[in-house]
Amino acid sequence: MEICDRMKISQSTFAARRRALLEQLPVGSLALIAGAELATRNRDAEYPFRQHSDFYYLTGFNEPGSVLLLIPGREEGEVVLFCPPRDPQLEIWTGYRAGPEGCVERFGADQAFALTELDERLPLLLNGRKRLYYALGSDEALDSRVRGWLNSIRAKSRQGAEAPEELVLVDNLLHEMRLFKGPEELAVMREAARISGAAHTAAMRSCRPGGYEYQLEAAIQAHCISQGARFQAYSPIVGGGANGCILHYIENDAPLQDGELVLIDAGCELDCYASDITRTFPINGRFSAEQRALYELVLKANQACIDAAAPGVPWNAVHELSVRVLTEGLVELGLLQGEVEALIEAGAYTEFYMHRIGHWLGMDVHDVGNYKVGGEWRPLQPGMVMTIEPGLYVSPHNAKVEARWRGIGIRIEDNILITETGCEVLTAAAPKAVAEIEALMAQA
Ligand code: GLY
Ligand code: MN
Ligand code: MN
């Protein structure tokens, strides 16, 4: 393995992935996988560039607008890259570009061309191929260019040109590959999770009543950036008190009140691999009786699901387990009344637990890969990485429960790798036991 000290996927792994995809493509076909475009923020300011995960998965090439073609059995080369052209004047502003030569020398392309040649070359390359593999529907502008290339071949049919007859969504092949993580990507994901776990610990240490949610966001981001993870995998959620009940709260601008909890859902990205951690802790360092009771219940569901996650267990069984543990606990605490089976059947828990137990995790935070195969929830298999993130959210407006419970929002989210025998918790570095959190915050 040629992993460098910054935890990056090696070029030999990108090459092996291209080879694995090529082997699934019939001779006479062509797969087109496009990179992301640079997005304008306003005028000539741009959002930070993030490469498209499918494209990066196969190339490790980080320049905007690039296009990869995989053409099995093609004599002049099976791996063709289109990239931004070299332009010394522009590079003074934008930084160094690899150019076609660099794509061949350093990114494993058999042939490479400037993007300015795409419209001219694509119809020639597509001509005579029977089947096009392409992620139709992901990018309207590119869909329309692909249509243009196909039409330009059809327009030459009397001269003997032959447009592909079949279009296959390349997503299915590629996303099934991305669902199963290999040794290098697991090393990167372990490191991303370790950095994010330490970032949550730093936020716990720095938390004070009277501070602001954005100060905890700053603690998280500062730690991640200082460790080389410059980007978060998604917008961090830092919700104090009842803001913790808003599932996608990202304002992060309210004061942190003594006596309330704060929920932080934040995870960095490392070499395009995500981590996704939630921790919830008391702003003053000590859980109240109600906070502790609900927290212990969410933790029990989190631990039960982690203990249950193993090869062969259907994806949905883990979710159903979380529903059962939480419903039983809500009945014990008096937030739900009735018989557990009937409450589960009626979905009574959805008033407090309105999302699923988790999702696949990888290059995208809500990663690719099917959850059902042939109509059945798919069994977990070694190499899959997922989140376990049960939560309870008691709306501040819920008049059906005693006032003492209202406005408490708790989620505890870990990242796990399914192994041969069970699972490995990638996020173990982030404290989650009540005693551990209280001891850590008391020392700070
Ligand atoms: N941070 C997004 C999620 O937990 O799914
Ligand atoms: Mn999350
Ligand atoms: Mn998540």
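Residues numbered from 1 in each chain as written. Chains lettered and ligands numbered in written order. Predicted model: local features only at pLDDT ≥ 70, side-chain atom pairs only at ≥ 80, totals over all residues. Heavy atoms only, no water.

### Section: the pattern of salt bridges
If you walk through the whole model with that rule in mind, you get 26 salt bridges. When the shortest N-O distance is used, the salt bridge between Asp414 and Lys432 registers 2.7 Å. In this pair, Asp414 is assigned in strand β20 (residues 414-418) and Lys432 in the loop between β21 (423-425) and α13 (434-443), connecting sequence segments 18 residues apart. When sorted by exposure, Asp414 lands in the same class as Lys432, which is buried. (Salt bridge = Lys/Arg side-chain N within 4 Å of Asp/Glu carboxyl O. Helix = DSSP H or I, 4+ residues; strand = E, 2+ residues; numbered from the N terminus. Buried < 20%, exposed > 50% of the residue type's maximum accessible area, 1.4 Å probe, protein only.)

### As for α13
Here α13 has its buried residues at Val434, Ile437, Glu438, Leu440 and Met441. Projected down its long axis, α13 carries its buried residues within an arc of 165 degrees, all on one side. Projecting away from the buried face of α13 at angles above 90 degrees are the exposed residues Ala435, Ala442 and Gln443. Considering only its buried residues, α13 is in contact with α8 (183-206), β14 (277-282) and α10 (289-308). (Arc of directions from axis to C-beta. Contact = heavy atoms within 4.5 Å.)

### Some details on the environment of Phe352
Relative to the helices and strands, Phe352 is located in the loop between α12 (340-346) and β15 (372-373). Overall, Phe352 belongs to the buried group, its relative accessible area being 1%. In this structure, the C-alpha to C-alpha distance between Phe352 and Gly409, residues 57 residues apart in sequence, is 9.0 Å. Ignoring anything within four residues of it in the chain, the contact list for Phe352 reads Leu330, Leu335, Leu336, Gly391, Leu392, Tyr393, Val394, Asn398 and Val401.

### Looking at the packing of aromatic side chains
Using the criterion set out here, one finds nine aromatic pairs in the structure. For the ring pair Phe61 and Phe107, a centre distance of 4.9 Å and an interplane angle of 65 degrees mean the geometry is edge-to-face. Of this pair, Phe61 sits in the loop between α2 (53-59) and β4 (67-70) while Phe107 sits in the loop between α4 (99-106) and β6 (111-114), and the two are 46 residues apart along the sequence. For the pair formed by Phe61 and Phe107, the shared burial category is buried. Centroid distance Trp360 to Tyr371: 4.9 Å. Interplanar angle 5 degrees. Geometry classified as stacked. Here Tyr371 lies in the loop between α12 and β15 and Trp360 lies in the loop between α12 and β15, a separation of eleven residues in the sequence. Tyr371 sits in the partly exposed class, given a relative accessible area of 25%. Members of the aromatic cluster, connected to one another through ring pairs, are Trp315, Trp360 and Tyr371. Over the face of the ring belonging to Trp377 we find Lys372, whose NZ or CZ atom lies 4.8 Å from the ring centre. (Phe/Tyr/Trp six-rings, centres within 6.5 Å; stacked < 30°, edge-to-face > 60°. Lys NZ or Arg CZ within 6 Å of the ring centre and 35° of its normal.)

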